[in-house]
Amino acid sequence: MNSAILPNDIQAVIEADRAHVWHHLTQHKTFETADPRIFVEGRGLRVWDATGREYLDALSGGVWTVNVGFGRESIADAVRDQLVKLNYFANSAGSVAGALFAQKLIEKMPGMSRVYYSNSGSEANEKVFKMVRQISHRHHGGQKYKILYRERDYHGTTLGTLAAGGQPERREQYGPLPEGFVEVPHCLEYRSQYGDIDNYGERAADAIEEVILREGPQTIGALCLEPVTAGGGVIVPPDGYWPRVQEICRKYDILLHIDEVVCGIGRTGKWFGYQHFGIEPDFVTMAKGVASGYAAISCTVTHEKVFNLFKDNPSDPMSYFRDISTFGGCVAGPVAALENMRIIEEEELLENTTRMGERMRANLRELQERHAVIGDVRGLGLFCGAELVSDRQSKTPVEEKQVQAVIGACLSDGVIIGATNRSLPGLNNTLCFSPALIATAADIDAITSTVDRALTKVFG
């Protein structure tokens, strides 16, 4: 830390937090007898709390966001300079930063051409859903309005994105949800629905076609998928899956929407997760790593064929995309995103992500040899998971409280890791790792060594 912080110096802040802040994903009853944790500073992969305790953050800000690490003064300086020049104007008009970042982003996405700005991943995905519905009304006579989503995938917290979420626990107590969203089966080969087969990837994709035929191809407008399932268990689709998905979408004239909110901007070792698989999406959405949390920004990206559907009849006052995101007009977002992208390029962080991701999975597999509780290790780039089971033969998931005990043991040892949480009944058993793209070999080894000790503590 730059300066020591004593507990008494910040006690008023802690009390203000306890009295007035409603934290995300948190049961607040515990704060009646314990202080909420407040972080006060971050540098690189390290963060410090109000007591001065240092932690190695293996989750990039807790939710896969701070891709280039904490304390990047060049991003802060760029944002500051922009704010005093022009902080905001509604995105019905343009901005210099908005134009330049859109151009820079499209350079990384061959085949795509248009960027729609908003301020969160949930919102970026909602924009796609609205576009699909408007296309349905204007060009398909109200048909092709249904949106397919995959079991275990997650697309946001609004009612629309919850309706398109394949994680039942996240949806509980929030219904009734919007209609027209239809689930297709997951593609986790470790938990194959089809037995031990050689072509699981193709079979899992064929299951999507079965749903399309059941519902009627004329009713399906889009298929929404994560390139790597994130909070549903860090699932990398197996060989054969993505080519077959692309084939199915083209066969039935279904728009392919890839949700890159977690995977986008380097997390998997390429600019976007879908670029590992040779597919050509119609929509790509992104948020978290776009500006590494230094400003709020999300993007909905598409190509000219889709874009032109919204300007076909300028004499019709209903023919354009009648949507606005207030904070999609904040100029700090694209400024931060431009500098974020420059850092990734100049520091060769895509290459580092590939190397360090391979090291992390190798370390986790080494732990798997010594800890029978690790049933499966998977991931892509610096986006890794380790599924915990009480029996490898039956693949019975360990109890969720044991998974949380591992997280707690790591936290006590100064390392922040995560797990699937309140997502899938009985299957919240995968440890999650997503350190910043600047992670070193020493960082990776420190994370997995801590996990080693935590597993020994919890499971023996």
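Small disclaimer: the values here were computed from a predicted structure and weren't measured.

J.: Which parts of the structure should I look at to understand the overall build of the protein chain?
T.: Counting its secondary structure elements, the protein chain contains 14 helices and 16 strands. Against the globule reference of 23 Å for 460 residues, the protein chain gives a C-alpha radius of gyration of 22 Å, in line with a compact fold. Along the first, second and third principal axes, the C-alpha atoms of the protein chain reach 65 × 60 × 45 Å. Burial analysis of the protein chain (460 residues in total) assigns 53% to the buried set. Excluding contacts between residues fewer than 6 apart, the proportion of contacts in the protein chain whose partners are at least 24 apart in sequence is 71%. For the protein chain, the distance from the average position of its 47 positive side-chain charges to the average position of its 59 negative side-chain charges is 2 Å.

J.: Is there a simple way to explain the nonpolar core in this structure?
T.: One recurring pattern in soluble globular proteins: nonpolar side chains tend to sit buried together. Of all hydrophobic cores here, the largest spans 58 residues; its most connected members are L105, V245 and M286. In this structure L105 touches V115, I265, F272, M286, C299, V301 and M341, once residues within four positions along its chain are discounted. Counting 32 residues, the second-largest nonpolar core is a separate cluster that includes C384, L388, A439 and I447.

J.: Looking at this structure, I do not really get the side chain of D452. What am I missing?
T.: Structurally, the position occupied by D452 is in helix α14 (residues 441–459). Of the residues examined, D452 reaches a relative accessible area of 18% and is grouped as buried.

J.: I tried to follow the sheet that holds strand β4 (residues 114–118) on my own but got confused; where do I start?
T.: In a beta sheet, neighbouring strands pair by backbone hydrogen bonds and run either parallel or antiparallel. An order of β4-β10-β9-β8-β7-β5-β6 is seen for the seven strands of this open sheet, with the pairing classed as mixed. On the outer flanks of this sheet lie β4 and β6 (181–184), each paired with one strand and no other. Pairwise comparison of adjacent strand axes, ignoring direction, gives a mean angle of 20° for this sheet. As paired strands, strand β5 (residues 146–150) and β6 are joined by four bridges and run parallel to one another. The residue bridging I147 from the neighbouring strand is F181, located in β6. Helix α4 (residues 96–107) rests against β4, β9 (283–286) and β10 (298–302) of the sheet, and its axis sits at about 125° to β4. Where helix α8 (residues 200–215) meets the sheet, it contacts β5, β6 and β7 (220–225), and its direction lies at approximately 145° from that of β6.

J.: How do you make sense of the pattern of salt bridges when you look at a structure like this?
T.: Pairing is possible between side chains that carry opposite charge, provided their charged atoms lie close to one another. This model, assessed by the stated rule, comprises 36 salt bridges. Of the charged contacts, one joins R378 and D376 as a salt bridge, the two residues approaching to 2.7 Å between their closest N and O atoms. Here R422 ties to E400 by a salt bridge, and the two come within 3.0 Å at their closest N and O atoms. Residue R422 is located in the loop between β15 (418–419) and β16 (430–433), and its partner E400 is located in helix α13 (residues 400–412); the two are separated by 22 residues in the primary sequence. Relative accessible area serves as the criterion here: at 22%, E400 is assigned to the partly exposed category.

J.: Any chance you could explain the environment of V373 here in plain terms?
T.: Its place among the elements puts V373 in the loop between α12 (349–370) and β11 (374–379). V373 sits in the buried class, given a relative accessible area of 9%. A C-alpha to C-alpha distance of 8.3 Å links V373 and E387, two positions 14 residues apart in sequence. Setting aside its immediate chain neighbours within four residues, V373 contacts E387, L388, V389, V398, L455 and F459.

J.: Hey, could you run me through the pairing of strand β8 (residues 255–259) in this one?
T.: Residues in a regular strand point their side chains to alternate faces of the sheet. Most of β8 is tucked away, with five of its five residues classed as buried. By the alternation rule, side chains of β8 split into L255, H257 and D259 and L256 and I258, which are all buried. Pairing of β7 with β8 involves four bridges; the strand directions are parallel. By the bridge assignment, A222 is partnered in β8 with L255. Following the backbone out of β7, through helix α9 (residues 241–251) and into the adjacent parallel β8, one traces a crossover that is right-handed.

J.: Looking at this structure, how should I read the side chain of S423?
T.: With respect to the secondary-structure elements, S423 resides in the loop between β15 and β16. A relative accessible area of 0% means that S423 is categorised as buried. Engagement of the side chain of S423 in a polar contact is seen with the side chain of Q167, the distance being 3.2 Å. Reaching out from S423, the side chain makes a polar contact with the backbone oxygen of N421 at a distance of 3.0 Å. What S423 contacts, discounting residues up to four positions off in sequence, is Q167, P168, E169, R170, G231 and N428.

J.: Help me understand the state of the cysteines, please; the structure alone is not making it clear to me.
T.: By definition, a disulfide links the sulfur atoms of two cysteine residues through a covalent bond. Following the criterion strictly, the structure yields zero disulfides and no others. Cysteine C299 shares no disulfide, and the gap to the nearest cysteine sulfur, in C330, comes to 13 Å. In this structure C299 comes out as buried when scored by relative accessible area, which is 0%. No disulfide involves C432; its nearest neighbouring cysteine sulfur is the one of C384, lying 10 Å away. Judged by relative accessible area, C432 falls into the buried class, the value being 3%.

J.: When you look at the packing of α4 against helix α11 (residues 332–346) in this model, what are you seeing that I'm missing?
T.: Interhelical geometry of α4 versus α11 gives an angle of 35° and a closest axis separation of 8 Å. Classified by chirality, the crossing of α11 by α4 is left-handed. Contacts from A97, G98, L100, F101, K104 and L105 of α4 reach α11 at P334, V335, A337, L338, M341 and E345. Across the contact of α4 with α11, the residue classes tally to nine nonpolar, one polar and two charged.

J.: When you look at the sheet that holds strand β1 (residues 39–43) in this model, what are you seeing that I'm missing?
T.: The strand order across the open sheet built from four strands is β1-β2-β3-β14, with neighbouring strands paired in mixed fashion. The two strands at the open ends of the sheet, each matched to only one other strand, are β1 and β14 (415–416).

J.: Can you walk me through α13 in this structure?
T.: Side chains three or four residues apart in an α-helix point the same way, a direct result of the helix having 3.6 residues per turn. A rise of 1.5 Å per residue sets the reference length of α13, with its 13 residues, at 18 Å; its end C-alpha atoms lie 18 Å apart and thus fit the reference within 8%. Along α13, the residues that are buried comprise V403, V406, I407, A409 and C410. Looking down the long axis of α13, one finds its buried residues gathered within 160° of arc, a one-sided arrangement. Facing away from the buried side of α13 by more than 90 degrees, the exposed set consists of K401 and S412. The inward-facing, buried residues of α13 contact β12 (384–391), β14, β15, β16 and α14. Phi turns positive one or two residues past the end of α13, at G414, with a value near 90°.

Thresholds applied
Residues numbered from 1 in each chain as written. Predicted model: local features only at pLDDT ≥ 70, side-chain atom pairs only at ≥ 80, totals over all residues. Heavy atoms only, no water. Helix = DSSP H or I, 4+ residues; strand = E, 2+ residues; numbered from the N terminus. Rg over C-alpha atoms; globule rule 2.2 N^0.38 Å. Buried < 20%, exposed > 50% of the residue type's maximum accessible area, 1.4 Å probe, protein only. Contact = heavy atoms within 4.5 Å. Lys, Arg positive; Asp, Glu negative; His and termini not counted. Charge placed at Lys NZ, Arg CZ, Asp CG, Glu CD. Core = buried A, V, L, I, M, F, W, Y, C linked by side-chain atoms within 4.5 Å. Pairing = 2+ DSSP bridges. Axes fitted to C-alpha atoms, helices over the stretch in contact; angles between N-to-C directions. Salt bridge = Lys/Arg side-chain N within 4 Å of Asp/Glu carboxyl O. Right-handed = clockwise from strand over helix to strand, strands pointing away. Polar contact = N/O pair within 3.5 Å; in protein donor to acceptor, adjacent residues only side chain to side chain. Disulfide = S-S within 2.5 Å. Left-handed = near helix turned anticlockwise from the far one by under 90°. Nonpolar A, V, L, I, M, F, W, Y, C, P; charged D, E, K, R; others polar. Expected span 1.5 Å × (residues − 1). Arc of directions from axis to C-beta.

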